[in-house]
Amino acid sequence: MQQVNPQIHESWRTLLMDQFAAPYFSELKNFLVEEKKHYTVYPPGSLIFNAFDQTPFDQVKVVILGQDPYHGAGQAHGLCFSVPDGVKPPPSLVNIFKEIETDLGIAPPVHGNLEHWARQGVLLLNATLTVRANTAGSHQHKGWETFTDSVIRKISEEKQHIVFLLWGNYARAKKNLIDISRHYILEAAHPSPFSAYSGFMGCRHFSKTNEILRNCNLREIDWRLP
């Protein structure tokens, strides 16, 4: 079977070569080719691996795990919870900004583009990297979870002192992929309006993350968005 070679930062390509060579990844690619013949798929192909391009492997310090991309027009750009400049921040992201304001005194930004975080070492990873337009969860169980689970395992095995922010039951279920003797896990409810006030608001994960990084002699994250 011919190996699939997606457009992805070289540090990740080398690390994940075994995944790109696996039969499931070829099947996933074939699924996406067929899906695009009949439906609009988000994000655009060039941005599917944007989280990896923005945050090379050697720069990862924090991992925020989302579920799947936004499915509205123009929202998804390959970074979990993030939207491009000029797109209104969705409700979960608004709640993230509210918690940052409570935690750190940083006023909510005028945009929802989280690339500034990604460039500082925050891997904004969705478990599923594509979605059919207007159909939440439509690309789950097609192979992406196998791929992103392998990403989490590789980070766990090959790095140390990573802070994993697991928000909501879906993300918390990934705990078994992480070696807690080497890394730090902060858990909370999902920032969605349906659950944010059941444990996300008041979690102070942003100051706690910086405290962990500081104690590990690593540069803190500037959670402000320029």
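Residues numbered from 1 in each chain as written. Predicted model: local features only at pLDDT ≥ 70, side-chain atom pairs only at ≥ 80, totals over all residues. Heavy atoms only, no water.

1. A few points about the pairing of strand β5 (residues 163-167)
A large share of β5 lies buried, amounting to five of its five residues. What you see with β5 is no split at all: Val163, Leu165 and Trp167 on one side and Phe164 and Leu166 on the other are buried throughout. Bridge count between strand β2 (residues 62-66) and β5: four bridges; the pairing is parallel. Opposite Leu65, over in β5, you have Leu166 as the bridge partner. (Buried < 20%, exposed > 50% of the residue type's maximum accessible area, 1.4 Å probe, protein only. Helix = DSSP H or I, 4+ residues; strand = E, 2+ residues; numbered from the N terminus. Pairing = 2+ DSSP bridges.)

2. Remarks on the sheet that holds strand β3 (residues 122-126)
Strand order in the open sheet formed by four strands is β3-β2-β5-β6, with parallel pairing between adjacent strands. Each of the sheet's edge strands pairs with one partner strand only, and the pair in question is β3 and β6 (184-188). Averaged over all pairs of adjacent strands, the angle between strand axes in this sheet comes to 20°, irrespective of strand direction. Against the sheet, helix α7 (residues 144-158) touches β2, β3 and β5, its axis set at about 150° to β3. (Axes fitted to C-alpha atoms, helices over the stretch in contact; angles between N-to-C directions. Contact = heavy atoms within 4.5 Å.)

3. Examining helix α3 (residues 23-38)
The end-to-end C-alpha distance of α3 is 24 Å, a good match for the 22 Å that 16 residues give at a rise of 1.5 Å each. Within the span of α3, buried status applies to Tyr24, Phe25, Ser26, Leu28, Phe31, Leu32 and Glu35. Each element contacted by the buried residues of α3 is listed here: α2 (17-20), β1 (41-42), β4 (131-132) and α7. (Expected span 1.5 Å × (residues − 1).)

4. Focus: empty space enclosed by the protein
Tallied over the full model, the rule gives one cavity of 30 Å³ or more. A volume near 40 Å³ is recorded for the largest cavity. What lines the largest cavity is simply Pro43, Ile48, Pro69, Gly78, Asn126, Thr128 and Leu129. In terms of residue class, the lining of the largest cavity is built from four nonpolar, three polar and no charged. (1 Å grid on protein atoms, 1.4 Å probe; cavity = no way out; pocket = protein on both sides within 12 Å on 5 of 7 lines; lining within 4 Å. Points joined across faces, edges and corners; volume = space filled by probe spheres on them. Nonpolar A, V, L, I, M, F, W, Y, C, P; charged D, E, K, R; others polar.)

5. A closer look at the side chain of Lys159
Relative to the assigned elements, Lys159 resides in the loop between α7 and β5. Asp58 provides the closest opposite charge to the buried, salt-bridge-free Lys159, at an N-O distance of 6.5 Å. For Lys159, the side chain forms a polar contact with the main-chain oxygen of Phe57, separated by 3.0 Å. Once residues lying within four places of it in the same chain are set aside, the contact partners of Lys159 are Phe57, Asp58, Val60, Lys154, Arg182 and His183. (Lys, Arg positive; Asp, Glu negative; His and termini not counted. Salt bridge = Lys/Arg side-chain N within 4 Å of Asp/Glu carboxyl O. Polar contact = N/O pair within 3.5 Å; in protein donor to acceptor, adjacent residues only side chain to side chain.)

6. Quick look at the layout of surface pockets
Considering only enclosed or pocket space, the largest pocket measures out at about 450 Å³ in volume. In terms of lining, the largest pocket is formed by 22 residues, of which the most central are Asp68, Pro69, Tyr70, Ser92 and His190. Its residues placed into classes, the lining of the largest pocket shows nine nonpolar, 12 polar and one charged.

7. Some words on unusual backbone geometry
Backbone geometry follows two general trends: most residues other than glycine have a negative phi, and most peptide bonds adopt the trans configuration. Looking along the chain, the bond that leaves Tyr42 and enters Pro43 is cis, with omega of -10°. Tracing the backbone shows Pro43 in the loop between β1 and α4 (50-54). For Phe81, which is not glycine, the phi torsion reads 70° and is therefore positive. With respect to the helices and strands, the residue Phe81 is situated in the loop between β2 and α5 (91-104). At Asn134, a position not held by glycine, the phi torsion is positive, near 65°. Take Asn134: it is sitting in the loop between β4 and α7. What makes Asn134 exposed here is its relative accessible area of 60%.

8. Focus on the environment of Ala73
Along the chain, Ala73 falls in the loop between β2 and α5. For Ala73, a relative accessible area of 64% gives the class exposed. Put simply, Ala73 and Val41 are 32 residues apart on the chain and 9.6 Å apart in space, counted from C-alpha to C-alpha.

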